[in-house]
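Chain by chain, the residues:
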Amino acid sequence: MGEDAGRWLFDANGRREEHRCLTRDGRFRPVPNSVLEQRFYIMMRHILVAICLLPVVANLAVADGPVVLPAQVTLDGPHAGQRLIVEEMRGGKAFGDLTGQAKFSTADPKVATVDAQGRVQPVGDGETVIRAEVAGQTSEAKIIVRHHGRTEPWSFANDVQAVLTKTGCNMGSCHGAQSGKKGFKLALRGYDHEADYDTLTRRSRGRRVIPSDPARSLILLKATGAIPHGGGTRFGTDSREYHIVSQWIAEGAMGPSEADTHVAELAVLPEQVTLKPGDAQQIVVLATYSDGTVRDVTQWAMYDTTEMGVAAVDQQGKVDVVGAGESAITVWFGSKVAVATISVPYDNKVDGQLFAQTSQVNFVDDLILEKLKTLRIPPSRQAGDGEFLRRVYLDTMGILPTVEETRAFLADESPGKRARLIDQILQRTEYVDYWTYKWSDLLLVSSKQLDGAAVWAFYSWLRKCVEENKPWDQLAQDVVTARGSTLDNGAANFFVLHKDPQQLTEATSLTFLGMSITCARCHDHPMERWTQDDYYGMANLFGRVRQKDGAVGGEIVVFPVTEGNVPHPRRLEVPIPQPLDGEPLAVDDPRDRRAHLAEWLTAAENPYFARAIVNRVWANFMGRGLVQPVDDLRSTNPASNEKLLSALADDLRKHNYDVKHLIRTILNSAAYQRSAEPVEGNEADDRFYSHFLLKRMPAEVMLDAFSQTTGVPTQFPGFPKGWRAQQLPDSNIVSYFLSAFGRPSREFVCTCERTEDPNVTQTLHLTNGKTLNDKLKSDDCVATTMTKEKLTDEQVIERVYLGALTRFPTEAEKAALLKAFAESTSAAVDEKQAVDEKVAAEQRQALIADFIWATLSSKEFLFIH
């Protein structure tokens, strides 16, 4: 394609400005003057990165037995080196680190040497083979050495910054803090090379870096503890860190330049490994740079673990397994992240036939059982009809089935009744109520920030979307590109809630991509690959949206304009309007930039959009997201079942983002219909869905359930009698109960606003608070109705159980309750022998009310199970 391909930059008018490879931050930033050229550039960039990663991918396709990883290494330049590991492979999967048992040797020591730990160092240009022998079996790695004799100065951006990051100098607890430390401030994790270079070489009267005498440089004297340093000793004078920094200074302390390469991709070996408690595993990290070179950056990467109870990792990439389960080891280097998954099967003796005999309705079950089989976690039994009926009503409509509905379902013995029930539920008005309320939570419909008429307009628009089952991608596009009156087009209120481009950028990312990029507003994201340039490129897509007052009170008109840009906080040039990793727009393109954003947002190739909504819906039904927290879909927070999340997202795309189809798929799965009762061996499982996860009713669902079971609706100020909490358009409605039980305030796009953790206030309110007690004392309460109808004790018990718990009482429960009823009645009669009919009715009503209260305050009622 020629050396000029993809290197043209353009000015604000779309004219070619200059011919260069990289911008000042070391990244290609083309602004093509045609869609064809634009797409060609991006296609070629992806192809080049893929070609560079081919040797890394090839390392995974290996035979059984001990295998050297990586299997082929190119050591380019005098500073190159590579750490090899020997991995036990079976069926193409890794099962343990054998490096400590291996004996390494090199075929040609004039090309490269290897030590006992598998560390390879170049000696001279050429090719050789490194062999590793384990228990009589030999595996090889091909080593290619190039440009070993080349003079190659150390790079500030790629080498010195790596030292400063690894030693913690530019972390938030040290000089990377907002105000720095002791007058010395570095950009957090080295996101700003030019500013850091200026600070090191130009500030403090040039004492931090002294090219004429590197050893007298403060950066070395303090880091080695030669003079007092609040951060303590960071490295020794005989360390590689000292060598790199001192040599860089001696070479003239060259600063960052546009010729610097940058990290394009990060990969880890092994990417997935199955281990046992007590095992150790070394992680190798490979960085592919923009010039195509691949370097071992294991020593310079930062490591963390998602599950300390499963696997711990030190800052050299050594993993120690401490318990059973699964953990992700997250790796960060050069603003890129990668993940290695550590699977540790439980010490359970599970009959292999158990998984084959377990019901598998659809691909959800296939992938969940595959994970359970890998971890040796047995699945629980299928939930009974009563359990399923109660669960699916509460999870899908936020209501309990009526006594009549419960009786009919339990009596129905026809096959396929659960699937038919699911189809019926998806057509009910209560389904619309429930999901309109859920999306109102997500989109922050509240009179705290919107006029009352605007609240109704936004709510009504969302309700119509749910009623019509509008595809999720179309709903998202309608929100992001909304214009016109906020009263006529409810979706336009999204721009009233989030007024400036930064707020719109962050809200859009959280709402529709399930990820927060807020950190990148001030600096490169510390736990994701998004840079500050990425952030302001996306923010500039909202840079041409304006608002004005409408013709009537409370009306705002949202409209796009053809001028205006969001400034970059550190650069003079205008940020190029561009979605996070999408195609850029020319700065002078007159079209509504939001349309370009919406197209990228909902494109089939966008890896985030479908996963985000799948994760939200999955969490609603299964008790926790495949990624948890639900709106934290960053690379360093991987899914508990990545295959399942990807499969669900793919299926949603294939079905045109039909949310009802997604819900139907989940509800029909054997995984959803599994019992919440653990079996031996899966008691500790809280993320792999071997049994249904218990969850407390959401505040609104619980309040409506109290109203339904007592027969006394909750009266909300300003709303008709009989309205349920799930029908309210506004979260800013006075309700002590809803506030106490964790209703979100709808002020921030974050699932953390809703809380379902129990507390003393909730316990006291259930015990003697007004909400439940007032309902039980009401003349409309079912306790009064049952008394008037003169139901027998057995009829009362059965009706309360069917209405509140969606099941008949067991024989033992019935016997105990009948005895308690009889004793309570006898005690009342003994207390006053001459009891008139009115007093007897009052005592009977109080007895039934107490029984209802005991049932409604029980764990079985308050939890979805």
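Cut-offs applied
Residues numbered from 1 in each chain as written. Predicted model: local features only at pLDDT ≥ 70, side-chain atom pairs only at ≥ 80, totals over all residues. Heavy atoms only, no water. Helix = DSSP H or I, 4+ residues; strand = E, 2+ residues; numbered from the N terminus. Rg over C-alpha atoms; globule rule 2.2 N^0.38 Å. Buried < 20%, exposed > 50% of the residue type's maximum accessible area, 1.4 Å probe, protein only. Contact = heavy atoms within 4.5 Å. Areas by Shrake-Rupley, 256 points an atom, 1.4 Å probe, with all protein chains shown as cover. Disulfide = S-S within 2.5 Å. Axes fitted to C-alpha atoms, helices over the stretch in contact; angles between N-to-C directions. Parallel < 35°, antiparallel > 145°, perpendicular 65-115°, else oblique. Left-handed = near helix turned anticlockwise from the far one by under 90°. Pairing = 2+ DSSP bridges. Phe/Tyr/Trp six-rings, centres within 6.5 Å; stacked < 30°, edge-to-face > 60°. Lys NZ or Arg CZ within 6 Å of the ring centre and 35° of its normal. UniProt positions renumbered as here; feature names shortened; annotations may be inferred. Patch = residues over 30% accessible without salt bridge, like charges linked within 9 Å, V, L, I, M, F, W, Y side chains within 5 Å. Salt bridge = Lys/Arg side-chain N within 4 Å of Asp/Glu carboxyl O. Lys, Arg positive; Asp, Glu negative; His and termini not counted. Charge placed at Lys NZ, Arg CZ, Asp CG, Glu CD. Core = buried A, V, L, I, M, F, W, Y, C linked by side-chain atoms within 4.5 Å. Domains from an automatic or database assignment.

**Some words on the overall build of the protein chain**
Thinking step 1. Secondary structure assignment for the protein chain yields 29 helices and 27 strands.
Thinking step 2. Here the protein chain has a C-alpha radius of gyration of 32 Å; the compact-globule value for 865 residues is 29 Å, and the two agree.
Thinking step 3. Counting only C-alpha atoms, the protein chain reaches 110 × 75 × 55 Å along its principal axes.
Thinking step 4. For the protein chain, the proportion of its 865 residues judged to be buried stands at 55%.
Thinking step 5. When contacts within the protein chain are restricted to residue pairs at least 6 apart in sequence, those whose partners lie at least 24 apart make up 62%.
Thinking step 6. Summed over all atoms, the accessible surface of the protein chain reaches about 37500 Å², with 52% contributed by carbon and sulfur.

**A closer look at the state of the cysteines**
One covalent bond between the sulfur atoms of two cysteine residues makes up a disulfide.
Thinking step 1. By the definition in use, this model includes one disulfide.
Thinking step 2. Put simply, Cys750 and Cys752 are joined by a disulfide, and their sulfur atoms are 2.1 Å apart. The chirality of the disulfide connecting Cys750 with Cys752 is right-handed, given an S-S dihedral of about 130°.
Thinking step 3. Judged by relative accessible area, which is 55%, Cys752 ranks as exposed.
Thinking step 4. Free of any disulfide, Cys169 has its nearest neighbouring cysteine sulfur in Cys174, separated by 5.9 Å.

**A word on unusual backbone geometry**
Thinking step 1. Of the consecutive residues Leu69 and Pro70, the connecting peptide bond is found in the cis state with omega at -10°.
Thinking step 2. Inspection of the secondary structure puts Pro70 in the loop between strand 3 (65-69) and strand 4 (72-76).
Thinking step 3. Residue Pro629 is bonded to the preceding Gln628 through a cis peptide linkage, with omega at -5°.
Thinking step 4. For Pro629, the position within the fold is in the loop between helix 18 (609-622) and helix 19 (642-654).
Thinking step 5. In this structure, Ala253 is a non-glycine residue whose phi angle is positive, near 50°.
Thinking step 6. Secondary-structure assignment places Ala253 in the loop between helix 5 (240-250) and strand 13 (263-269).

**Let's talk about the packing of helix 21 (residues 699-710) against helix 24 (residues 770-777)**
Thinking step 1. Taken N-terminus to C-terminus, the directions of helix 21 and helix 24 make an angle of 15°; their axes are 10 Å apart at the nearest point. It follows that helix 21 is roughly parallel to helix 24 by the angle criterion. Crossing angle aside, the handedness with which helix 21 passes helix 24 is right-handed. Contacts from Leu703, Phe706, Ser707 and Thr710 in helix 21 reach Thr771, Leu772, Lys775 and Leu776 in helix 24.

**Thoughts on the sheet that holds strand 24 (residues 545-549)**
Thinking step 1. If you walk across this open sheet you meet the three strands as 23-25-24, and the pairing is antiparallel. Looking along the sheet, the strands with just one partner apiece sit at the ends: strand 23 (484-485) and strand 24.
Thinking step 2. As defined by bridge partners, strand 23 adjoins strand 25 (residues 556-560) across two bridges and the pair is classed as antiparallel. Paired with Ser485 across the bridge in strand 25 is Val557.

**Observations regarding the pairing of strand 24**
Moving residue by residue along a regular strand, the side chains alternate between the two faces of the sheet.
Thinking step 1. In this structure, strand 24 lies alongside strand 25, joined through five bridges in antiparallel fashion. The partner of Lys548 across the bridge, within strand 25, is Val557.
Thinking step 2. In textbook terms, the turn of a hairpin is the stretch between consecutive antiparallel strands, and for strand 24 and strand 25 this stretch comprises six residues, one of which, Gly554, has a positive phi near 85°.

**Concerning the packing of aromatic side chains**
Thinking step 1. The final tally for this structure, using the stated rule, is 28 aromatic pairs.
Thinking step 2. On the basis of an interplanar angle of 85° and a centroid distance of 5.3 Å, the ring pair of Trp618 and Tyr689 is categorised as edge-to-face. Highlighted residues: Trp618 in helix 18 and Tyr689 in the loop between helix 20 (659-668) and strand 26 (695-696), separated in sequence by 71 residues. Each member of the pair, Trp618 together with Tyr689, is buried.
Thinking step 3. When the centroid spacing of 5.5 Å and the interplanar angle of 40° are considered together, the rings of Phe719 and Trp723 count as tilted.
Thinking step 4. The aromatic ring of Trp332 is capped on one face by Arg189, whose charged end is 4.6 Å from the ring centroid.

**Concerning the UniProt feature "domain: BIG2" (unreviewed entry) in the protein chain**
Thinking step 1. Under the feature "domain: BIG2" (unreviewed entry), the UniProt entry names residues 62-144 and 262-343.
Thinking step 2. Between the end C-alpha atoms of residues 262-343 there is a gap of 32 Å, over a span that is 0% helix and 61% strand.

**Some details on a positive patch on the surface**
Thinking step 1. Residues Lys181, Lys182, Arg205, Arg207 and Lys222 make up a contiguous surface patch of positive charge.
Thinking step 2. Mapped onto the elements of the fold, Arg207 is located in the loop between helix 3 (193-202) and helix 4 (218-223).
Thinking step 3. Here Arg207 falls in the partly exposed class, since its relative accessible area comes to 39%.

**Notes on the nonpolar core**
Thinking step 1. In this structure, Trp472, Phe512, Val617, Trp618 and Phe861 are the most contacted members of the largest nonpolar core, which totals 152 residues.
Thinking step 2. With nine residues, the top contributor of residues to this core is helix 18.
Thinking step 3. Counting contributing residues per domain, this core is built from domain 4 (471-604) and domain 5 (699-864), each supplying no fewer than three.
Thinking step 4. Excluding its chain neighbours within four sequence positions, the residues that come into contact with Phe861 are Arg390, Leu400, Met697, Ala705, Phe706, Thr709, Ala804, Leu805, Thr855 and Leu856.

**Focus on the pairing of strand 3**
Thinking step 1. Summarising burial for strand 3: five of the five residues are buried, a large majority.
Thinking step 2. Where strand 3 and strand 6 (residues 85-90) come together, five bridges link them in antiparallel fashion. Following the sheet pairing, Val67 is matched in strand 6 by Glu87.

**Quick look at the sheet that holds strand 10 (residues 119-122)**
Thinking step 1. Spatial strand order, 5-10-9: three strands in an open sheet with antiparallel pairing. Strands at the two margins of the open sheet, each flanked by one partner only, are strand 5 (82-83) and strand 9 (112-114).
Thinking step 2. Pairing geometry for strand 5 and strand 10, over two bridges, is antiparallel. Each bridged residue has a counterpart across the sheet, and for Gln82 the counterpart in strand 10 is Val120.

**Some details on the environment of Lys276**
Thinking step 1. Topologically, Lys276 is positioned in the loop between strand 14 (272-274) and strand 15 (280-282).
Thinking step 2. Along the sequence, Lys276 and Trp435 sit 159 residues apart, while their C-alpha atoms lie 43 Å from each other.
Thinking step 3. In this structure Lys276 touches Val321 and Val344, once residues within four positions along its chain are discounted.

**Remarks on the pattern of salt bridges**
Thinking step 1. Using the criterion set out here, one finds 47 salt bridges in the structure.
Thinking step 2. Put simply, Glu326 and Lys371 hold a salt bridge, and the shortest N to O gap is 2.8 Å. Taken together, the residues span a long stretch of sequence, with Glu326 in strand 21 (residues 325-333) and Lys371 in helix 7 (residues 363-375) at a distance of 45 residues.
Thinking step 3. Since its relative accessible area comes to 16%, Lys371 is described here as buried.
Thinking step 4. A salt bridge links Lys470 to Asp478, with the nearest nitrogen and oxygen atoms 2.9 Å apart.
Thinking step 5. Because the salt bridges share partners, they merge into one network encompassing Asp433, Arg463, Glu467, Asp704 and Arg724.

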